[in-house]
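Summary of the model geometry
Below are the chains, spelled out letter by letter.
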Amino acid sequence: MTHTPLTLTGLVRRIAAVFGLSLALWVLPVTAPAWAQSVSGADPLNGAAIESIQVVVINPGPDAAVADRIADSVRRSLALFPGARFSRETFALQLAQARRTPEVAGLDYDVSLGVAGGVNLTVQVTLGDGAATREGRGRLAGDAAAGSLLLDQNGTYLVGKFDALGLYYANNNSWYGQPGPLLAGNPLVQGQPSGAGYRDWAEGYIHYGVYGITPLSRQVYVYGGLSAITAGSSGDELFSSKTRTHTGVEDAYVGIVGGSTDAAGNRLVVNLSAGRQKFSLAGAFLIANTAANGHDRAALQANARWAADNLVLAQLAYNRLKLEVFHLDPDELPILDSGTRLAGANIEFRPDPDWLVAASYVTATESRSAYYGPAGTPVGTRKGLKVYDARFSYAPSGPGLFGGAEFALQENEDFPMRARAGWAEIGYRLPAAPWAPSVSYRYSYFSGDDPATSTFERWDPLFSGGNGEQWVQGANHFKVVQDSNVIAHRLQARLKPDPRIEIVPQFWVFRAAETNNIGGNPALSSLSSRDYGTEANITGKWFVSRKVYVHGHIAYTQPGDAVKQALTTKPDGWLSLLLFVRYAY
């Protein structure tokens, strides 16, 4: 790939050349050492908060009451409510079940961006004459127009999955033009990583599989999923110039779910699952990236893989109350495998649709990941870690104020540890104004280790991440300084020139909580300043359709005195650009 100064003409030519063979995904972190974490992304729809769901009958006919009755039946079959998290695989099964509603000939759905960063779903119902009473629908039953539905027969539903993703990424002066000291000793480095000057690369992957559900009784179902991912990378990536491809199993899980609704309308759902599957906790503040990418698995920035090696998850939901208990074995890179196993519980309650209050507890039952004191010697391991978390959020769909806050404490049963993290956010939203603008300010704090105390205080970020609006703090900055020993100020806006288009500009100021930074990037172990730097970035999202999604960002990060004084050569500003297209069948 190239290694030349960046010019606008050269940039446009490179994007045009490489993007011609791309189909892809976005920016989020992989599980790696603090000094090797990178930013990449995932399905922008999967896991998004559902802000609203509407059921619309396309051909209602002359009797509006009949159309309303059928729409209500479909709505109850879907059993989705604002505040829930969207899953493509689960929703495909729910649609298949709703198709069995009498007089429903077909169902489809559309997606638009919500005002609070989530999504709005519109389910489109086509009526027919008793169409849903027919058995044996789907591609395996000879229905070529069934889309991803493979089989709908005697209560058994099978749906297929095929996602194609490709990505173009470029940096000018990645690692502030100093990859040598900032990547020294990094086990992810292969060949010549991206550094000074303009470097670019391309990534892509396909995700293919099958998911299904079948009844054991009228109210109890068994379900499961099996899929694989084939990924590839080529070019001067952040850690490597090696061209790689990799194929591996992604989802491989089974579960049992049951529930009931009483005469008063109270809903009870019990769900138990186990196997390879993804998991998120506390809005990605504690857990999100339960699988690692990059190195021999390729697709570092596309973040293709999400499923843990094993997740045992028990969930109970009663109306607006949800309780979860889990045991998690993350799918770490073999070269960086810490042997971490996590167990915990989570409880969430919505007093009304606008409010959420929640608490979580997480403990590390196994781990070889070490913590290092001010002298650079180990003080203990992650095993025995205990995390206590409490949070709330207020997110109305209408105009006015929104916000939230969270506080978490970490202790360890084997040695003195007291690490703290938290955030507070406040914003204002005008959904009826042109471009539906909102603006917010978020303050976040992740403690560092104070060398003057005998207690270890550096926050362990575990498997935090999500996306650039969750806990990937800065598109470039996060790759150097992850969410530990950092104070971040974020000013963010959301603009929607169209229901399918959203523009998200951000401005960041980063500071160190402590000048002792042992456990972070080795080049920044001892800081003479708390000024990490600033970043400005802007992200664009476009749901061309529910099958095609386009995403891009541009980010510029200016190193602060903490970085400048730690490096012997003056660091440069870091510019990054990303563009991807995603197709989901």
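Relevant structure appears above.
Residues numbered from 1 in each chain as written. Predicted model: local features only at pLDDT ≥ 70, side-chain atom pairs only at ≥ 80, totals over all residues. Heavy atoms only, no water.

**Topic: the overall build of the protein chain**
When its secondary structure is counted, the protein chain shows 6 helices and 24 strands. Over its C-alpha trace the protein chain gives a radius of gyration of 24 Å, about what one expects of a compact globule, namely 25 Å for 585 residues. Dimensions along the principal axes, computed over C-alpha positions, put the protein chain at roughly 75 × 55 × 45 Å. Within the protein chain, the proportion of its 585 residues that are buried is 55%. (Helix = DSSP H or I, 4+ residues; strand = E, 2+ residues; numbered from the N terminus. Rg over C-alpha atoms; globule rule 2.2 N^0.38 Å. Buried < 20%, exposed > 50% of the residue type's maximum accessible area, 1.4 Å probe, protein only.)

**Quick notes on the pattern of salt bridges**
If you walk through the whole model with that rule in mind, you get 29 salt bridges. The shortest N-O distance in the salt bridge between K383 and E366 comes to 3.9 Å. Remark: E366 occurs in strand 13 (residues 355–366) and K383 occurs in the loop between strand 15 (378–381) and strand 16 (385–394); sequence separation between them is 17 residues. Given a relative accessible area of 35%, K383 falls into the partly exposed group. What you see here is one network of salt bridges that share partners, running through E250, R276, R297, R305, D309 and D331. (Salt bridge = Lys/Arg side-chain N within 4 Å of Asp/Glu carboxyl O.)

**Focus on unusual backbone geometry**
Its identity as a non-glycine residue notwithstanding, N303 has a phi of 50°, on the positive side. Position of N303 among the secondary structure elements: in the loop between strand 9 (267–276) and strand 10 (310–318). Using a relative accessible area of 1% as the deciding quantity, one classes N303 as buried. For W435, which is not a glycine, the phi torsion comes out positive at approximately 70°. In this fold, W435 is placed in the loop between strand 18 (419–429) and strand 19 (438–446).

**Looking at the pairing of strand 2 (residues 104–113)**
The buried count for strand 2 comes to 7 of 10 residues, which makes it a mostly enclosed element. In this structure, strand 2 lies alongside strand 3 (residues 119–127), joined through 9 bridges in antiparallel fashion. Each bridged residue has a counterpart across the sheet, and for G106 the counterpart in strand 3 is T126. Taking the residues between adjacent antiparallel strands as the criterion, strand 2 and strand 3 are bridged by 5 residues, where G117 takes a positive phi near 90°. (Pairing = 2+ DSSP bridges.)

**Quick word on empty space enclosed by the protein**
Tallying each qualifying case throughout the model produces 3 cavities of 30 Å³ or more. In this structure, the second largest cavity spans a volume of roughly 50 Å³. Lining the second largest cavity are 10 residues; nearest its centre among them are V480, V481, Q482, G520 and N521. Classifying every residue of the lining of the second largest cavity gives 4 nonpolar, 5 polar and 1 charged. (1 Å grid on protein atoms, 1.4 Å probe; cavity = no way out; pocket = protein on both sides within 12 Å on 5 of 7 lines; lining within 4 Å. Points joined across faces, edges and corners; volume = space filled by probe spheres on them. Nonpolar A, V, L, I, M, F, W, Y, C, P; charged D, E, K, R; others polar.)

**Quick notes on the pairing of strand 20 (residues 486–498)**
Of the pairings in the sheet, the one linking strand 19 to strand 20 comprises 9 bridges and is antiparallel in character. Among the inter-strand pairings, Y443 is bridged to a residue of strand 20, identified as H489. Bridging between strand 20 and strand 21 (residues 501–511) involves 8 bridges; their strand directions are antiparallel. Among the inter-strand pairings, L495 is bridged to a residue of strand 21, identified as I503. Hairpin connection of strand 20 to strand 21: 2 residues between the antiparallel strands.

**Some thoughts on the packing of aromatic side chains**
Geometrically, a pair of aromatic rings is defined through the distance of the ring centres and the angle of the planes. Evaluation of the coordinates by the stated rule reveals 24 aromatic pairs. Pairing Y211 with Y253 gives two aromatic rings, centres 6.3 Å apart and planes at 40°, and the pair type is tilted. Placement of the pair is Y211 in strand 6 (residues 198–215) and Y253 in strand 8 (residues 244–261), with a sequence separation of 42 residues. Just as Y211 is buried, Y253 falls in that class too. An angle of 65° between the planes, with centres 6.3 Å apart, marks the rings of Y223 and Y253 as edge-to-face. Placement of the pair is Y223 in strand 7 (residues 220–235) and Y253 in strand 8, with a sequence separation of 30 residues. On the basis of relative accessible area, Y223 is assigned to the buried category, the value being 15%. Grouping aromatic residues by their ring pairs yields a cluster made of F285, W423, F446, W459 and W471. (Phe/Tyr/Trp six-rings, centres within 6.5 Å; stacked < 30°, edge-to-face > 60°.)

**A look at helix 3 (residues 88–98)**
Of all the 11 residues making up helix 3, 9 are buried; the element is thus mostly covered by neighbouring parts of the structure. What helix 3 keeps buried is the set R88, E89, F91, A92, L93, Q94, L95, A96 and A98.

**A short note on the sheet that holds strand 1 (residues 50–57)**
Overall, mixed pairing links the 3 strands, which are arranged 1-3-2 in an open sheet. The outermost strands of the open sheet, each flanked by one partner alone, are strand 1 and strand 2. On average, each strand axis in the sheet is tilted by 15° relative to the strand beside it, whichever way the strands run. The strands touched by helix 2 (residues 64–78) within the sheet are strand 1, strand 2 and strand 3, with strand 1 carrying the most contacts at an inclination of about 145°. Helix 3 rests against strand 2 and strand 3 of the sheet, and its axis sits at about 150° to strand 2. (Axes fitted to C-alpha atoms, helices over the stretch in contact; angles between N-to-C directions. Contact = heavy atoms within 4.5 Å.)

**Regarding a nonpolar patch on the surface**
On the surface, a nonpolar cluster with roughly 940 Å² of combined accessible area is contributed by L268, V270, L316, Y318, L321, L323, V325, I347, F349, W355, V357 and F392. Among the elements of the structure, strand 9, strand 10, strand 11 (321–329), strand 12 (341–349) and strand 13 are those that each provide at least two residues to the nonpolar patch. Among the elements that line the nonpolar patch, the one with the most residues is strand 11, at 3 residues. Along the polypeptide, F349 turns up in strand 12. By relative accessible area, F349 is classed as partly exposed at 37%. (Patch = residues over 30% accessible without salt bridge, like charges linked within 9 Å, V, L, I, M, F, W, Y side chains within 5 Å. Areas by Shrake-Rupley, 256 points an atom, 1.4 Å probe, with all protein chains shown as cover.)

**Re the environment of L150**
With respect to the helices and strands, the residue L150 is situated in strand 4 (residues 149–153). Looking at L150, the relative accessible area reads 21%, which means it is partly exposed. Remark: the alpha-carbon pair of L150 and Y211, spanning 61 residues in sequence, is separated by 9.5 Å. Those residues in contact with L150, other than ones at most four positions away along the chain, are R137, G138, R139, L140, A141, L158, V159, G160 and V210.

**Examining the environment of A141**
Looking at the secondary structure, you find A141 in the loop between strand 3 and strand 4. Residue class for A141 comes out partly exposed when judged on its relative accessible area of 40%. Here the alpha-carbon distance between A141 and D236, two residues 95 residues apart in the chain, equals 47 Å. Each residue touching A141, except ones within four places of it in the same chain, is listed here: G136, L150 and L151.

The values reported here are purely geometric and, on their own, carry no functional implication.
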